Amino acid sequence: MAGILFHKYGGEDLDSYYPIRPECQADVPKVRFKARAGKTLSARRWHAAFSEDGHLDIAKVLRRIQRGGIHPSIKGLVWEFLLGCYDPNSTFEERNQIRQQRRQQYAAWKTECQNIVPIIGSGKFITAAIVTDDGQSLQDSNRDSLDQGWHVDGAISDKKVLQWMLGLHQIGLDVVRTDRSLVFYESETNQAKLWDVLAIYSWVDNDIGYVQGMNDICSPMIVLLENEADAFWCFEHTMRRLRENFRTNTGMIGVQSQLSTLSQIIRTIDPKLHQHLEDLDGGEYLFAFRMLMVLFRREFSFVDALYLWELMWAMEYNPNIFSLYESNSSTSDGRQVNDKQLKQCGKFERKNVKTGLPDKTSALSVFLVASVLETKNKKLLREAKGLDDVVKILADITGNLDAKKACNEALKIQKKYLSKTHK
């Protein structure tokens with residue numbers, strides 16, 4: 001079947017994998033991505049990249065993804081490797097054991113959460129507050145909780161439990177707004193699946209919890225991976241690289257370090273544009289906040305956003321990512337690679353490793369924003385008389401960006417930046 005699909009690439013309608021509701025057709029950005037035979041990673045080539053016992057030739061897979069993305073029929077499976085859920089050097093049996101262990105762990109966390117709020121796992125979700133700030137139950141005024149027939153005796157005194165319960169309705173409100181144009185989310189069951197994963201993640205990561213924007217990051221995993229636990233772990237691994245973006249309790253927004261790096265990049269490669277933005281009081285680059293926070297989800301169609309992400313993850317790939325995550329190490333040493341491993345790195349990461357730049361703030365997404373600013377350089381210099389103009393000019397890119405071209409431009413800017421900073 002995969003082979004048949006592949007030969008039909010030329011005329012294949014990729015929207016059929018993620019159908020759009022008819023009434024939303026006019027409002028969504030046009031899809032630019034097209035699967036191309038000989039470039040896009042097909043199901044056939046994906047399966048051929050494994051040895052008999054399950055070792056994956058990740059270098060071959062990365063080359064293919066960097067050329068033309070991943071066919072929708074296998075996206076979820078490939079993403080699990082790109083995000084470091086599995087080690088390409090593992091066997092089928094070893095990965096199956098890890099998958100089962102993770103599913104059991106997720107089920108245990110879900111049971112913990114269900115014991116507190118039984119609506120979790122019911123196929124429904126809440127959009128109204130269920131407790132007050134001081135821990136008093138609001139269930140009498142909340143139809144959702146009444147329908148579930150659950151009861152809280154007295155005030156909730158456990159700080160972690162209360163903090164978590166206070167955020168559940170906000171997750172529900174955001175779920176209702178997430179990817180509303182997709183037929184997939186017409187189903188309350190699918191919306192509830194997204195809510196469950198986000199609710200359980202916020203229970204497990206009680207340091208950061210849930211922050212708006214996580215719904216945009218998590219949604220594709222729910223769409224691509226049928227098993228809820230697998231979707232959770234795919235999201236959890238994505239958050240390992242993004243979670244600092246969502247940190248809001250340190251007196252500064254978490255994404256600010258990346259905005260600072262962006263400022264440094266533009267100051268280095270295009271001092272005239274940087275000075276112009278400084279003069280407009282935009283030197284902190286806050287206008288780029290959303291692009292970095294949710295990885296361009298609003299600037300691209302759903303299909304193109306997925307294509308952009310997998311290109312970025314393939315270009316940023318480091319073969320040590322799995323062992324680094326499993327050891328929970330935050331040191332840069334885990335990213336050091338030998339000559340053989342260097343061939344298994346993506347284009348962007350290879351350059352970082354060679355020049356000794358392991359800093360997380362120099363993520364490909366930062367160079368992507370820099371490439372967007374550079375493509376709008378003349379317009380910004382000529383027409384931007386204030387920050388509102390900057391925002392308006394950048395808003396014009398929605399639906400008009402080519403993911404592959406943007407990534408290639410980002411690589412050029414990375415090369416230019418590294419050459420200037422190393423002189």
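An account of the accompanying structure is given in this report. (Residues numbered from 1 in each chain as written. Predicted model: local features only at pLDDT ≥ 70, side-chain atom pairs only at ≥ 80, totals over all residues. Heavy atoms only, no water.)

1. Quick look at the overall build of the protein
Along its length, the protein carries 21 helices and zero strands. Buried positions account for 53% of the 423 residues belonging to the protein. Considering only residue pairs separated by 6 or more positions, the protein has 73% of its internal contacts joining residues 24 or more positions apart. Total accessible area on the protein stands at roughly 19,500 Å², and carbon and sulfur atoms take up 48% of it. (Helix = DSSP H or I, 4+ residues; strand = E, 2+ residues; numbered from the N terminus. Buried < 20%, exposed > 50% of the residue type's maximum accessible area, 1.4 Å probe, protein only. Contact = heavy atoms within 4.5 Å. Areas by Shrake-Rupley, 256 points an atom, 1.4 Å probe, with all protein chains shown as cover.)

2. As for the packing of helix α18 (residues 364–375) against helix α21 (residues 403–421)
Packed helices, taken two at a time, are described by their axes: the angle between them and the distance between them. Running from N to C, α18 and α21 cross one another at 100 degrees; their axes reach a closest spacing of 8 Å. As summarised for this structure, α18 and α21 are arranged roughly perpendicular, according to the angle between their axes. When α18 is examined against α21, the residues Leu364, Phe367, Leu368, Ala370, Ser371 and Glu374 are found in contact with a partner set consisting of Ala406, Cys407, Glu409, Ala410, Ile413, Gln414 and Tyr417. The residue inventory of the contact of α18 with α21, partitioned by class, reads nine nonpolar, two polar and two charged. (Axes fitted to C-alpha atoms, helices over the stretch in contact; angles between N-to-C directions. Parallel < 35°, antiparallel > 145°, perpendicular 65-115°, else oblique. Nonpolar A, V, L, I, M, F, W, Y, C, P; charged D, E, K, R; others polar.)

3. A short note on the pattern of salt bridges
Scanning all chains against the criterion turns up 24 salt bridges. Among the salt bridges present, the one from Asp230 reaches Arg99, with a minimum N-O distance of 2.9 Å. Here Asp230 is found in helix α10 (residues 228–242), whereas its partner Arg99 is found in helix α5 (residues 92–116), with 131 residues between them in sequence. Assigned by exposure class, Asp230 and Arg99 land together as buried. The shortest N-O distance in the salt bridge between Glu383 and Arg382 comes to 3.4 Å. A network of salt bridges, in which partner residues are shared, links Asp205, Asp207, Arg243, Glu244 and Arg247. (Salt bridge = Lys/Arg side-chain N within 4 Å of Asp/Glu carboxyl O.)

4. Concerning a positive patch on the surface
On the surface, Lys30, Arg32, Lys34, Arg36, Lys39, Arg44, Arg45, Lys60, Arg63, Arg67 and Lys405 cluster together to form a positively charged patch. Mapped onto the positive patch, the elements with two or more residues apiece are α2 (43–48) and α3 (58–68). In this structure, Lys30 sits in the loop between α1 (2–7) and α2. Using a relative accessible area of 67% as the deciding quantity, one classes Lys30 as exposed. (Patch = residues over 30% accessible without salt bridge, like charges linked within 9 Å, V, L, I, M, F, W, Y side chains within 5 Å. Lys, Arg positive; Asp, Glu negative; His and termini not counted. Charge placed at Lys NZ, Arg CZ, Asp CG, Glu CD.)

5. Some thoughts on the nonpolar core
In this structure, Trp79, Met214, Phe235 and Leu373 are the most contacted members of the largest nonpolar core, which totals 133 residues. Here this core takes twelve residues from helix α14 (residues 302–316), the largest share from any one element. With sequence-adjacent residues up to four places away left out, Trp79 is seen in contact with Ile70, Pro220, Met221, Leu224, Cys234, Leu306, Trp309, Glu310 and Trp313. (Core = buried A, V, L, I, M, F, W, Y, C linked by side-chain atoms within 4.5 Å.)

6. Remarks on the packing of aromatic side chains
Throughout the structure, instances matching the rule amount to 23 aromatic pairs. Seen from their ring centres, Phe232 and Trp233 are 5.3 Å apart, and the 90 degrees between their planes marks the pair as edge-to-face. Exposure class is identical for Phe232 and Trp233. Each is buried. With 5.7 Å between their ring centres and 65 degrees between their planes, Phe348 and Phe367 make a pair best called edge-to-face. (Phe/Tyr/Trp six-rings, centres within 6.5 Å; stacked < 30°, edge-to-face > 60°.)

7. A word on helix α7 (residues 159–177)
Relative to the 27 Å expected for 19 residues at 1.5 Å per residue, α7 spans 29 Å between its end C-alpha atoms, a close match to the ideal helical length. Of all the bends found along α7, the most pronounced is centred on Leu168 and spans about 25 degrees. Among the structural elements, α5, α8 (188–204) and α9 (214–224) are those in contact with the buried residues of α7. Between the side-chain oxygen of the N-cap and the backbone nitrogen of Lys160 there are 2.9 Å, and the N-cap of α7 in question is Asp158. (Expected span 1.5 Å × (residues − 1). Bend = angle between axes of the 7 residues up to and from the residue. Polar contact = N/O pair within 3.5 Å; in protein donor to acceptor, adjacent residues only side chain to side chain.)

8. Here we look at a negative patch on the surface
Taken together, the side chains of Glu52, Asp53, Glu93 and Glu94 present a region of like negative charge at the surface. Among the secondary structure elements, Asp53 is positioned in the loop between α2 and α3. Owing to a relative accessible area of 37%, Asp53 belongs among the partly exposed residues under this scheme.

9. So, the packing of helix α11 (residues 256–269) against helix α12 (residues 271–279)
Interhelical geometry of α11 versus α12 gives an angle of 130 degrees and a closest axis separation of 5 Å. Judged by the angle between their axes, α11 and α12 are oblique. Facing Ser263, Ile266, Arg267, Thr268 and Ile269 of α11, the residues of α12 in contact are Pro271, Leu273 and His274. The residue makeup of the contact of α11 with α12, split by class, is four nonpolar, three polar and one charged.

10. A word on unusual backbone geometry
Residue Asp281 is not a glycine yet carries a positive backbone phi of 65 degrees. Structurally, Asp281 can be placed in the loop between α12 and α13 (289–293). According to the relative accessible area criterion, Asp281 is exposed, its value standing at 65%. The phi dihedral of Tyr285 is positive, around 60 degrees, even though this residue is not glycine. Within the secondary structure, Tyr285 sits in the loop between α12 and α13.

11. What about the side chain of Ser263?
Here Ser263 lies in helix α11. The buried category is assigned to Ser263, whose relative accessible area is 5%. Non-local contacts of Ser263, meaning those with residues more than four positions away in its chain, are made with His274, Gly283 and Tyr285.

12. Re the environment of Ile120
Its place among the elements puts Ile120 in the loop between α5 and α6 (143–148). Here Ile120 falls in the buried class, since its relative accessible area comes to 0%. Between the C-alpha atom of Ile120 and that of Ile200, which follows or precedes it by 80 residues, the distance is 8.9 Å. With near-sequence residues (within four places) excluded, Ile120 lies in contact with Lys110, Cys113, Gln114, Trp164, Trp195, Asp196, Ala199 and Ile200.

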